[in-house]
Amino acid sequence: MESFKEGMANFVATITAGMLLSTGAMLITVGNQQAKVMVQIESITEKLATLTENVAELEVRVRTLEIKR
């Protein structure tokens, strides 16, 4: 009976360790995905800033053309 208890304890310990490793791997994957999303957000933010500058430039040009008319 004692060997059965030890076997079950080892089995439970192995399953628990596997679950912990799996959970750790999932957390690492989620962290990597968050990093990728942050890079994409930064890129989008930069593009929006450039677009805003371009629109401001266009507004100045349009006003200049209106004044010349």
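See the structure printed just above.
Everything in this summary refers to the structure shown in the same document.

1. Comments concerning the overall build of the chain
Of regular secondary structure, the chain possesses one helix and zero strands. The C-alpha atoms of the chain give 30 Å as radius of gyration, which overshoots the globular expectation for 69 residues (11 Å, by more than 25%). If one aligns the C-alpha atoms of the chain with their principal axes, the spans along those axes are about 100 × 10 × 5 Å. Approximately 6,500 Å² of the chain is accessible, and the part contributed by carbon and sulfur atoms is 67%. Across the chain, 7 positive and 8 negative side-chain charges occur, with their mean positions spaced 12 Å apart.

2. Focus: a nonpolar patch on the surface
Taken together, Met 1, Phe 4, Met 8, Phe 11, Val 12, Ile 15 and Met 19 make up a surface patch of nonpolar side chains, about 780 Å² in accessible area. Following the sequence through the fold, Val 12 ends up in helix 1 (residues 2–68).

3. Notes on the pattern of salt bridges
Taken as a whole and assessed by the stated rule, the structure comprises one salt bridge. Among the ionic pairs, Glu 57 bridges to Arg 61, the shortest N-O distance being 3.5 Å. Of this pair, Glu 57 and Arg 61 both sit in helix 1, separated by four residues, roughly a single helical turn. Residue class for Glu 57 comes out partly exposed when judged on its relative accessible area of 45%.

Conventions used here
- Here the residue index of a chain counts from 1 through its sequence in written order.
- Where totals are concerned, whole chains, interfaces and linings use all residues; where local detail is concerned, this predicted model gives features only for residues with pLDDT of at least 70, and gives and counts side-chain atom pairs only at 80 or more.
- To get the side-chain values, take all heavy atoms of the structure and skip hydrogens and water.
- Counting from the N terminus, the helices are the DSSP runs of H or I reaching at least four residues and the strands are the DSSP runs of E reaching at least two.
- Only C-alpha atoms enter the radius of gyration, while the globule expectation follows 2.2 Å times N to the 0.38, with N the number of residues.
- Each accessible area is a Shrake-Rupley estimate made with a 1.4 Å probe; only the visible protein chains count as cover when residues are assessed.
- Think of it this way: Lys and Arg go in the positive column, Asp and Glu in the negative one, and His and the chain ends go nowhere.
- By convention, charge coordinates are those of NZ in Lys, CZ in Arg, CG in Asp, or CD in Glu.
- Patch membership is restricted to residues that have no salt bridge and whose relative accessible area is over 30%. Joining uses 9 Å for like charges and 5 Å for the nonpolar side chains Val, Leu, Ile, Met, Phe, Trp and Tyr.
- The term salt bridge refers to a pairing of a side-chain nitrogen on Lys or Arg with a carboxyl oxygen on Asp or Glu at a separation within 4 Å.
- Summary of the burial criterion: residues with accessible area below 20% of their type's maximum are buried, those above 50% are exposed, and those between are partly exposed, where the area comes from a 1.4 Å probe applied to protein chains only.

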